[in-house]
Amino acid sequence: MSLSAPSEQSALDVDDLHVTFGNPRRGSLIRAVDGVSFSVRRGEIFGVIGESGSGKSTLGRCLVGLLSPSGGGVLHDGIDPFKFSRSELNRHRRKYQIVSQDPNAAFDPRMTILQSICEPLNIAGEGTKAERREKAFAMLDRVSLSAEMANRYPHEISGGQKQRANIARALMLDPNVIVCDEVVAALDVSIQADMLNLFARLQEQFGLTYVFISHDLRVVSHISDRVAVMYFGKIVEVGPAHAVIETPLHPYTEALRSAEPEIDPTAADARQRIILQGEIPSAIAPPSGCRFHTRCPRVRDICRTQEPPQRELLPGRHVACHFAEEMLGEKERRSLGLAERNAAHQGAAAQGAEMM
Amino acid sequence: MQQLAETTMAGQDTLLDIQNLTLSLRDQSGWVEVLNNVSLSVKPKEILGVVGESGCGKSMTALSILRLLPPRDSRLGGKILFGGQNLAACSESQMNRIRGRHISMIFQEPMSALDPVFTVGYQIEETLQRHFKLSRREASERAIAALNSVGIASPRHVATLYPMNLSGGMRQRVMIAMALVCEPRLLIADEPTTALDVTIQAQIMDLLLGLADRTGTAIMFITHNLGLVAQSCHRMVTMYAGQVVEGGPVRDVIAGPRHPYTAGLLHSIPDSNRARGTLPSIAGRVPSLRHMPKGCRFGPRCSYSMQPCELPQSIENEGVEDVDRREVRCNRWEELALRGVGA
Ligand SMILES: Nc1ncnc2c1ncn2[C@@H]1O[C@H](COP(=O)(O)OP(=O)(O)OP(=O)(O)O)[C@@H](O)[C@H]1O
Ligand SMILES: Nc1ncnc2c1ncn2[C@@H]1O[C@H](COP(=O)(O)OP(=O)(O)O)[C@@H](O)[C@H]1O
Ligand code: SF4
Ligand code: SF4
Ligand SMILES: [Mg+2]
Ligand SMILES: [Mg+2]
């Protein structure tokens, strides 16, 4: 993947992206995003998982042009938005919306929901007042909010409803891409399920492209086509959602998966639990070699000095760990064993059927 | 306080026994009933999970037990028996001897329980000295041991820090150290890991369960996360709109929920083993306290609602032994035969 030849159907092309905060001379440089590359096809749902502080929100804000890269770049449909003038960028950015975790921050407490939803169109100066209102009601309907909600104030509706209104607002400008940053994190499971259904439906109706950021593996794997796992500013693993969650090829993904509480007691009994020690290290002093080595259950000497390169282990599955091939081997042996057993089982069943 | 241990309810091995707890609160528009006939029990060393959507009364139940509600604007009915003593009728000074010593509580947001102007070491010492006759030296040593027991690597240093200077996970550890330092018989944990990453959540749960096991502390564990309940609790209750609607051993409830609300909660969780597609969700919302539906409170959201649901509901019990006892508040549970997870 390179900046000069973006692929035909890509909505987003991210190439060796770096975003830093702070001042290198005062020794306070934070590399929040540190060399990240991936592309997202039009109409795809791309998930991003990782612990807090891993750089997900910074990446999301940069993807929609709210933060400028300090290295590398982002292409929107093959176009580099950071080459635009300020006013051009503002106009362009309407097609690239971000919805954030805290819906309270998105609404002015003195404005009704309707006023807030119309605001982006007011700023863009699009349509007459009546047209804007009509569109707002249509969008409220799309997110399953009744028209009676329109005249309420933010404190008069629930968290789930506020998050829906927030999405309606993002949809007002007919975006191509929506970055959803932890949009269901604060919601009850029942409402969360509703929201995930809503996202899937809107994606079909509008052909939207999503980048779906969350620290909840279940949520991300449910909704996404592909997922990237971030740790300390880098993508450590990326691939098809189901494959990454079911057979992780990076120790960090494996640990995240294992930390997820299991509801089904039989599945919980069958699983080997890995409890990671410690927390993400200080952002100012990244560990040498592999950044995960301070917490990795599989760490060996080489990890402390050499950074593992990212490579494609299986078609579409990229991993950055020195021992990814070894993990792949383990998993293949395990699933091969399983497949053999299944085949034997099926053979026996078939024989049984023939005998009847 | 010694007699507390001996007067555990005659014959019955129950640590906390809440009977028909009713709570009303007063706000600008007058009194409103927040809890309605809540009955639940916790046995010594047991871990009881309490689940339910936001606003169903989980935290209000917890605050009632510890009598942390404003006395002028709250009214309690029913009994809260703790080791035979009715907490609902205790004076403030009696409660002060119980809080932090025999029952303690940890919250979702540790900053609300920790005082920003004192070091964490001082705050733990303070808790100890309130309940035990200890010299400052002894208290300080025990505080450091407590910090050490929650997996803090340099407890002497951390004891000198202010809560502000700690990460979310570290604060939660400090709060657990403080809550368990007097080895209480009951710990109420209200969403202790909701604000944390799954990796840190796993560490904290591991720690909490390990310590409780060592000190013999029972836990009333309030959470939204049914996975955590499945993983760590012995029994569970589901609360809906200020009532307990289902209760029983965790494995039984998860494998075969009897109340449509519990079943709805179980099925709305995304499951990586299930194909992508529409998730079953529970239509509608928790009713507002001032507009409770007649008959079954879950009725307006229940897809099985029929005529009998408009009749008054009561808790039905089944199972003779305490360990296999199941409770459900649904007129139709027997004919419904709801599906659970696993099994
Ligand atoms: N001071 C108050 N006056 C009136 N009603 C109140 C007051 N405090 C809480 N309530 C109401 O009591 C009900 C139960 O609240 P509670 O905090 O126990 O919910 P919860 O189950 O803990 O929810 P969550 O999961 O969001 O923490 C809610 O409907 C809430 O709005
Ligand atoms: N505006 C900012 N100024 C300084 N540091 C920041 C800023 N925003 C984020 N960071 C730092 O960048 C890193 C990544 O943060 P973030 O992208 O918010 O992570 P996530 O969304 O994965 O939790 C963290 O160390 C965070 O403290
Ligand atoms: S490179 Fe080493 S430390 Fe890094 S994830 Fe792989 S095994 Fe762990
Ligand atoms: S009583 Fe009726 S409405 Fe209530 S939960 Fe049971 S079936 Fe549903
Ligand atoms: Mg974030
Ligand atoms: Mg609560």
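Keep in mind that this is a model prediction, so the values were computed, not measured. (Residues numbered from 1 in each chain as written. Chains lettered and ligands numbered in written order. Predicted model: local features only at pLDDT ≥ 70, side-chain atom pairs only at ≥ 80, totals over all residues. Heavy atoms only, no water.)

### Digging into the environment of Gln161(A)
Residue and element names in this part refer to chain A.
So, step 1. Positionally, Gln-161 belongs in helix α6 (residues 159-171).
So, step 2. Given a relative accessible area of 10%, Gln-161 falls into the buried group.
So, step 3. The spatial distance from the C-alpha of Gln-161 to the C-alpha of Met-149 is 8.7 Å, given a sequence separation of twelve residues. (Helix = DSSP H or I, 4+ residues; strand = E, 2+ residues; numbered from the N terminus. Buried < 20%, exposed > 50% of the residue type's maximum accessible area, 1.4 Å probe, protein only.)

### Things to note about the pattern of salt bridges
Should their charged atoms come close, side chains of opposite charge can pair.
So, step 1. Going through the model one piece at a time under the given rule, you end up with 34 salt bridges over all chains.
So, step 2. We note a salt bridge from Arg226(A) to Glu44(A), for which the minimum N-O separation is 2.7 Å. Placement of the pair is Arg226(A) in strand β8 (residues 226-231) and Glu44(A) in the loop between β2 (30-41) and β3 (45-49), with a sequence separation of 182 residues. Neither residue differs from the other here; Arg226(A) and Glu44(A) are each classed as buried.
So, step 3. Residues Arg332(B) and Glu335(B) are paired through a salt bridge, measuring 3.1 Å at the closest nitrogen-oxygen approach. (Salt bridge = Lys/Arg side-chain N within 4 Å of Asp/Glu carboxyl O.)

### Structural notes on the domain arrangement of chain A
All names here are of chain A.
So, step 1. Taken domain by domain, chain A holds domain 1 (10-244) and domain 2 (247-355).
So, step 2. The C-alpha-based centres of domain 1 and domain 2 are spaced at 29 Å.
So, step 3. Contacts between domain 1 and domain 2 engage 26 residues on the former and 29 residues on the latter.
So, step 4. Across the domain 1 to domain 2 interface the summed buried area is about 2300 Å²; carbon plus sulfur atoms make up 55%.
So, step 5. Our enumeration of links across domain 1 and domain 2 arrives at five salt bridges.
So, step 6. Lys-234 is paired through a salt bridge with Glu-307; the nearest N and O atoms lie 3.4 Å apart.
So, step 7. Scanning the region where domain 1 abuts domain 2 turns up 14 residue pairs in polar contact (both at pLDDT 80 or more).
So, step 8. Taken together, the elements giving at least two residues each to the side of domain 1 that touches domain 2 come down to β2, α8 (217-223), β8, β9 (234-240) and α9 (241-246).
So, step 9. Broken down by class, the residue content of the side of domain 1 that touches domain 2 amounts to 13 nonpolar, seven polar and six charged. (Domains from an automatic or database assignment. Contact = heavy atoms within 4.5 Å. Buried area = accessible area lost by both parts, 1.4 Å probe. Polar contact = N/O pair within 3.5 Å; in protein donor to acceptor, adjacent residues only side chain to side chain. Nonpolar A, V, L, I, M, F, W, Y, C, P; charged D, E, K, R; others polar.)

### Description of the environment of Gln129(B)
All names here are of chain B.
So, step 1. Among the structural elements, Gln-129 can be located in helix α4 (residues 120-131).
So, step 2. With ten residues separating them along the chain, Gln-129 and Ala-139 place their C-alpha atoms 6.9 Å apart.
So, step 3. Leave out the neighbours within four places in its chain, and Gln-129 touches Leu-134, Ser-135, Arg-136 and Ala-139.

### A look at the sheet that holds strand β10 (residues 243-249) of chain B
All names here are of chain B.
So, step 1. As summarised here, the arrangement of the eight strands in space is β6-β7-β8-β3-β9-β10-β12-β11, forming an open sheet in which the pairing is mixed. Across the chains shown, the open sheet's two edge strands, defined by having one partner strand only, are β6 (103-106) and β11 (316-318). In this sheet, adjacent strand axes meet at a mean angle of 20° when their direction is disregarded.
So, step 2. In terms of strand pairing, strand β3 (residues 47-51) meets strand β9 (residues 235-240) through four bridges, oriented parallel. Within the sheet, the bridge partner assigned to Gly-49 lies in β9 and is Met-236.
So, step 3. Here helix α2 (residues 58-65) sits on the sheet in contact with β3, β6, β7 (186-190), β8 (218-222) and β9, set at roughly 145° to β8.
So, step 4. The sheet contacts of helix α8 (residues 198-215) involve β3, β6, β7 and β8, and relative to β8 the element is tilted by about 155°. (Pairing = 2+ DSSP bridges. Axes fitted to C-alpha atoms, helices over the stretch in contact; angles between N-to-C directions.)

### Structural notes on a nonpolar patch on the surface
So, step 1. On the surface, a nonpolar cluster with roughly 290 Å² of combined accessible area is contributed by Val117(B), Phe118(B) and Tyr122(B).
So, step 2. Residue position: Tyr122(B) is located in helix α4. (Patch = residues over 30% accessible without salt bridge, like charges linked within 9 Å, V, L, I, M, F, W, Y side chains within 5 Å. Areas by Shrake-Rupley, 256 points an atom, 1.4 Å probe, with all protein chains shown as cover.)

### With respect to the site of ligand 4
So, step 1. Taken together, 13 residues form the shell around ligand 4, and within it Cys296(B), Cys302(B), Cys309(B), Gln313(B) and Cys330(B) come nearest.
So, step 2. Residues belonging to the shell around ligand 4 are distributed by class as follows: seven nonpolar, five polar and one charged. (Near = heavy atom within 4 Å.)

### Re the packing of aromatic side chains
Residue and element names in this part refer to chain A.
So, step 1. All chains considered together, the criterion is met by eleven aromatic pairs over all chains.
So, step 2. Here Phe-38 and Phe-46 contribute two aromatic rings whose centre-to-centre distance is 4.6 Å and whose plane-to-plane angle is 10°, an arrangement assigned as stacked. A single burial state applies to Phe-38 and to Phe-46, both of which are buried.
So, step 3. An angle of 85° between the planes, with centres 5.4 Å apart, marks the rings of Phe-199 and Tyr-210 as edge-to-face. Taken together, the residues span a long stretch of sequence, with Phe-199 in helix α7 (residues 189-206) and Tyr-210 in strand β7 (residues 209-213) at a distance of eleven residues.
So, step 4. Taking the relative accessible area as the measure of exposure, Tyr-210 reaches 0% and is therefore buried.
So, step 5. Three or more aromatic residues joined by ring pairs form one cluster here, namely Tyr-231, Phe-232, Tyr-252 and Phe-292. (Phe/Tyr/Trp six-rings, centres within 6.5 Å; stacked < 30°, edge-to-face > 60°.)

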